[in-house]
Amino acid sequence: MLAEFHTKSIDLSGRVIAAALLCSSLAAPAMAGDIYRYVDRNGDVHYTNVPNDSRYKVHRRVDTENPVTQTLTVKTRYYKPSVRQRFHKEIQAAAYKHNVDPALIHAVISAESGYNPLARSHAGAAGLMQLMPATAQRFGARNRLDPTENIHAGTRYLRVLMDLFDNDLELVLAAYNAGENAVIRAGHQIPPYKETMTYVPRVLKYYDNYRTRM
């Protein structure tokens, strides 16, 4: 059972961090029922699936057939610090240059390539952050398999998306996966593609885990 947890609203933004925390809590194996939420007078945001206070209102309906819910309930493989340290220098440099949380870069790399700099997808994406040829060209990566070029281009893309979608991480990650035009066409919502609907909560789970361990 989920019981109750709470978090303060903080920037990048508080709503986004709360969403990331909600993703990790939804992953509890015994979780059942809808998720309820209220904000107390101190600005703390409380979540529970067993509301025992009239201030709780339904925040998210849980649909066990929804691909997002299915993703959240699957055990996630988190990468050990020894693996994440392999590209620490490159990630820190890109994070500083483009003003992006390094934990978010690690989260995207974990989901995209599992830290394999030579990873390629059937769709044609390549490298640590799985850049498509057009994206690599757009953000200045001549060699997508070069870790430094790949990380800087992917991080620069994240920065552009964060500016475009006002730091809404759910939309940023949806756009990274499906393209910003897909998110805009969907009315600034996560596009109804199964891959994207599972990608977003998976990256947020990584992000919530890594940002507390950086």
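Everything numeric in this text was worked out from a predicted model, so none of it was measured.

Engineer: Explain the packing of aromatic side chains here, please?
Structural biologist: Two aromatic rings are characterised by how far apart their centres lie and by the angle between their planes. Within this structure, the stated rule accounts for eight aromatic pairs. Look at Tyr-38 and Tyr-56: their rings are 4.8 Å apart centre to centre, the planes differ by 80°, and that puts the pair in the edge-to-face class. With Tyr-38 in strand S2 (residues 35-39) and Tyr-56 in the loop between strand S3 (44-48) and strand S4 (57-60), the pair connects residues that are 18 residues apart, well separated along the chain. Residue Tyr-38 is classed as buried on the basis of its relative accessible area, which comes to 11%. When the ring of Phe-139 is compared with that of Tyr-157, the centres are 5.1 Å apart and the planes differ by 35°; the resulting orientation is tilted.

Engineer: What is the right way to read the nonpolar core from this model?
Structural biologist: Taken as a class, soluble globular proteins show a tendency for nonpolar side chains to be buried jointly. In terms of nonpolar packing, the biggest core is built from 42 residues, with Ile-105, Val-108, Ile-109, Met-129, Ile-151, Leu-173 and Tyr-176 touching the most fellow members. Elements that contribute at least two residues to this core include exactly helix H4 (88-98), helix H5 (102-112), helix H7 (147-164), helix H8 (169-178) and helix H10 (194-211). Setting aside chain neighbours within four positions, we find Val-108 in contact with Met-129, Leu-158, Leu-173, Tyr-176, Tyr-199 and Val-203.

Engineer: Can you help me understand the environment of Ala-93 in this one?
Structural biologist: Its place among the elements puts Ala-93 in helix H4. For the pair Ala-93 and Ile-151, spaced 58 residues apart in sequence, the C-alpha separation works out to 9.4 Å.

Engineer: Just checking my understanding: could you explain H7 for this structure?
Structural biologist: Side chains three or four residues apart in an α-helix point the same way, a direct result of the helix having 3.6 residues per turn. Here H7 is 18 residues long and its end C-alpha atoms lie 25 Å apart, about the 26 Å a rise of 1.5 Å per residue gives. Listing the buried residues of H7 in full gives Asn-150, Ile-151, Ala-153, Gly-154, Thr-155, Tyr-157, Leu-158, Arg-159, Leu-161 and Met-162. Tucked into the core, H7 has its buried residues touching H4, H5, helix H6 (133-138), H8 and helix H9 (180-185). Here H7 starts with a cap whose side-chain oxygen sits 3.1 Å from the backbone nitrogen of Thr-148, and that cap is Asp-146. Looking one or two places after H7, you find Asp-166, whose phi comes out positive at around 55°.

Engineer: Sorry, what's going on with the packing of H5 against H7 here?
Structural biologist: When two helices pack together, their arrangement is captured by the angle between the axes and the distance separating the axes. Running from N to C, H5 and H7 cross one another at 115°; their axes reach a closest spacing of 11 Å. Taken together, the axis directions place H5 and H7 in an arrangement best described as roughly perpendicular. Handedness of the crossing formed by H5 with H7: right-handed. From H5, Leu-104, Ile-105, Val-108 and Ile-109 reach across to H7, where they touch Ile-151, Thr-155, Leu-158 and Met-162. Here the contact of H5 with H7 is built from residues that sort into seven nonpolar, one polar and no charged.

Engineer: It is not clear to me how H8 should be interpreted in this structure. Could you clarify?
Structural biologist: The buried fraction of H8 amounts to seven of the 10 residues, a majority that puts the element mostly inside the structure. Among all positions in H8, only Leu-169, Leu-171, Val-172, Leu-173, Ala-174, Ala-175 and Tyr-176 are buried. Residue Gly-179 follows H8 closely and has a positive phi angle near 100°.

Engineer: Before we go on, may I ask you to explain the confidence of the model for the protein chain in this structure?
Structural biologist: Note: predicted coordinates in regions of low pLDDT should not be interpreted at a detailed level. When the pLDDT values of the protein chain are averaged, the result is 80; 74% of them are 70 or greater. The secondary-structure element of the protein chain with the lowest mean pLDDT is helix H1 (residues 14-26), recorded at 40, while H7 shows the highest, at 98.

Engineer: What is the right way to read the environment of Arg-159 from this model?
Structural biologist: In this fold, Arg-159 is placed in helix H7. Along the chain, Arg-159 and His-98 lie 61 residues apart, while their C-alpha atoms are 6.3 Å from each other. Setting aside anything within four residues of it in sequence, one finds Arg-159 in contact with His-98, Asn-99, Val-100 and Asn-167. At 3.5 Å, the side chain of Arg-159 forms a polar contact with the side chain of Asn-167.

About the criteria used
- Residues numbered from 1 in each chain as written.
- Predicted model: local features only at pLDDT ≥ 70, side-chain atom pairs only at ≥ 80, totals over all residues.
- Heavy atoms only, no water.
- Phe/Tyr/Trp six-rings, centres within 6.5 Å; stacked < 30°, edge-to-face > 60°.
- Helix = DSSP H or I, 4+ residues; strand = E, 2+ residues; numbered from the N terminus.
- Buried < 20%, exposed > 50% of the residue type's maximum accessible area, 1.4 Å probe, protein only.
- Core = buried A, V, L, I, M, F, W, Y, C linked by side-chain atoms within 4.5 Å.
- Contact = heavy atoms within 4.5 Å.
- Expected span 1.5 Å × (residues − 1).
- Polar contact = N/O pair within 3.5 Å; in protein donor to acceptor, adjacent residues only side chain to side chain.
- Axes fitted to C-alpha atoms, helices over the stretch in contact; angles between N-to-C directions.
- Parallel < 35°, antiparallel > 145°, perpendicular 65-115°, else oblique.
- Left-handed = near helix turned anticlockwise from the far one by under 90°.
- Nonpolar A, V, L, I, M, F, W, Y, C, P; charged D, E, K, R; others polar.
- pLDDT = per-residue confidence, 0-100.

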